[in-house]
Amino acid sequence: MISVSPRYRKYLKTTTRVVLVLLLVLFVPLKVLPYMAPFVVALFIAFIIERPVRFLTDKFRLPRGAAVGIVLFFFTLVTGGILILIFSELVNEIWRLTREIPSAQVVKGYIDMLLGRVQNLYLSLPAEFESTIRDSLGSVVGSISASLHSLLNYLLNMAKFLPQAFLFIVISLVASFFMSRDREKISRFVYKQMPEGWRNKIRTVKDDLFTALVGFIKAQAILISVTFIELLIGYSLIGVKYVFSSALITAVVDALPLLGTGTILIPAAAVNLIMGNVARGFAFIALYIVILIVRQFLEPKVVGQSLGLHPLVTLISIYVGLRLFGIIGLFLGPLVVAIIKALQKARILPQWKA
């Protein structure tokens, strides 16, 4: 039988614990989340309203239940009002946009005019090639038109899911009320189910990871908001129609993996340059460059501060995550570093020497 040294046994035990914790943190939520989504949302709401609740209980000596009810009421009022305003403005602008989509005959005339300009530059262009271009452009314009109509229909058909959405919201709000009101009782019950030696470690990991996750979401919200404001100003200066919905859609696309503002701004610049709107085309390019530079400068700093990491560590984790896991690594890299930091603080992993 092979003998294992105590030191090696200790590192093996630590490694096993780390792997198990990472599996619990990274993979179990992905399986459980679809069934527990309202309660996860409720947990975040309870975390968000905790400071105002403590302020009311400490400053005005209100019972915790009453303080939670007051804060939750205003939270729902403000958040719901903002979401309703954004959704109504988005639907209104998309509806007006779909009514202005040109007919097939107008599109055909526009394509013929565009091809005429191209032929003036390239007189040797074969007739077969011209036909291919016309068909391709017609297909692209048709696809864009169909996509806009589909988007509007999707937004309008969301009314069918309003009962489910309403139930989701009600359950989340009610659950957040009880989670916040009975915060101490729930915490004591959960920790009593754990082995005594692990309670403090689990509490430390939980606090750090939850703070890091909320901070990461906050960082992404800040980056999206900055991008949205840049787009709102840029689109207004360029003279883009439906500024609000265009800026909002582009900002959301920028937050999605594999996409970015270039997905919308670069094609917009190319179309304007082909049409002869050189100044407008270069304006889109300039806007893209500004957004790219600002994001590259802000992302390490904002994400690092939200996760409690040095900007250089955040930058390294973003780059390594990108190289190892692709676009999703941009988000996964900093989170893994935050998890390692939390495990070190709980002394589950060896700490760095100061």
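Just so you know, these numbers come straight off a predicted model, no measurement behind them.

Scanning the protein from N- to C-terminus turns up 14 helices and zero strands. Each helix (α) and strand (β) of the protein, taken in turn from the N terminus, gives the series α-α-α-α-α-α-α-α-α-α-α-α-α-α. For the protein, the exposed surface amounts to about 23,200 Å²; the carbon and sulfur share of it is 71%.

Glancing now at the packing of aromatic side chains. Applying the stated rule across the entire model yields five aromatic pairs. A ring pair is formed by F73 and F74, whose centres lie 5.4 Å apart and whose planes are at 80°; its orientation type is edge-to-face. Among the residues examined, F74 registers a relative accessible area of 47% and is labelled partly exposed.

This next bit is on helix 13 (residues 311–325). Across its 15 residues, helix 13 extends 21 Å between first and last C-alpha, which sits within 8% of the 21 Å expected from 1.5 Å per residue. For helix 13, the set of buried residues is T314, S317, I318 and G321. Looking straight down helix 13, one finds its buried side chains confined to an arc of 100°; they lie on one side. Residues of helix 13 that are exposed and angled more than 90 degrees away from the buried face: L312, Y319 and R323. At its buried positions, helix 13 is contacted by helix 12 (278–307) and helix 14 (329–345).

Moving on, we get to helix 3 (residues 50–59). Regarding helix 3, the residues found buried are E50, V53, L56 and T57. In an axial view of helix 3, the angular spread of the buried residues amounts to 130°, which keeps them on one side of the axis. For helix 3, the exposed residues set more than 90 degrees away from the buried face come down to R51, D58 and K59. R61 sits one or two positions beyond helix 3 and adopts a positive phi of about 60°.

Attention shifts here to the packing of helix 9 (residues 199–238) against helix 10 (residues 243–255). Their axes nearest at 8 Å, the elements helix 9 and helix 10 cross at an angle of 140°. Taken together, the axes of helix 9 and helix 10 are oblique relative to one another. The handedness of the crossing between helix 9 and helix 10 is right-handed. Where helix 9 abuts helix 10, its residues I224, T227, F228, L231, L232, Y235 and S236 lie against V243, F244, S246, A247, L248, T250, A251, D254 and A255. Taken together, the residues of the contact of helix 9 with helix 10 break down into eleven nonpolar, four polar and one charged.

Before going further, it helps to spend a moment on a nonpolar patch on the surface. On the surface, L312, L315, I316, Y319, V320, L324, F325 and I328 cluster together into a nonpolar patch covering about 810 Å² of accessible area. Here I316 lies in helix 13.

What follows covers the pattern of salt bridges. Counted by the stated rule, this structure contains five salt bridges. The partner of E50 in a salt bridge is R64, with the nearest N and O atoms 2.7 Å apart. Placement of E50 in helix 3 and of R64 in helix 4 (residues 64–99) is noted, with a sequence separation of 14 residues between them. For E50, a relative accessible area of 7% puts it in the buried group. D254 serves as the salt-bridge partner of R295, at 3.3 Å between the closest nitrogen and oxygen. Of the two residues, R295 sits in helix 12 while D254 sits in helix 10, which places them 41 residues apart along the sequence. Of the two residues, R295 and D254, neither departs from the other in class, the shared state being buried. One salt-bridge network, in which partners are shared between bridges, spans E50, R54, R64 and R183.

The next point concerns the environment of V313. Structurally, the position occupied by V313 is in helix 13. The class for V313 is partly exposed, based on a relative accessible area of 35%. Residues V313 and V337, 24 residues apart in the sequence, show an inter-C-alpha distance of 8.5 Å.

Grouped together as the largest cluster of nonpolar side chains are 16 residues, with contacts concentrated most on L231, Y235, L265, F284 and L287. Once you skip the residues sitting within four places of it in the chain, Y235 turns out to touch V240, V243, S246, A247, T250, I264, L265, F284 and L287. Counting ten residues, the second largest nonpolar core, distinct from the first, contains A212, A219, L223 and A338.

What counts and how
Residues numbered from 1 in each chain as written. Predicted model: local features only at pLDDT ≥ 70, side-chain atom pairs only at ≥ 80, totals over all residues. Heavy atoms only, no water. Helix = DSSP H or I, 4+ residues; strand = E, 2+ residues; numbered from the N terminus. Areas by Shrake-Rupley, 256 points an atom, 1.4 Å probe, with all protein chains shown as cover. Phe/Tyr/Trp six-rings, centres within 6.5 Å; stacked < 30°, edge-to-face > 60°. Buried < 20%, exposed > 50% of the residue type's maximum accessible area, 1.4 Å probe, protein only. Expected span 1.5 Å × (residues − 1). Arc of directions from axis to C-beta. Contact = heavy atoms within 4.5 Å. Axes fitted to C-alpha atoms, helices over the stretch in contact; angles between N-to-C directions. Parallel < 35°, antiparallel > 145°, perpendicular 65-115°, else oblique. Left-handed = near helix turned anticlockwise from the far one by under 90°. Nonpolar A, V, L, I, M, F, W, Y, C, P; charged D, E, K, R; others polar. Patch = residues over 30% accessible without salt bridge, like charges linked within 9 Å, V, L, I, M, F, W, Y side chains within 5 Å. Salt bridge = Lys/Arg side-chain N within 4 Å of Asp/Glu carboxyl O. Core = buried A, V, L, I, M, F, W, Y, C linked by side-chain atoms within 4.5 Å.

Remember, this is a structural readout, not a statement about activity or role.
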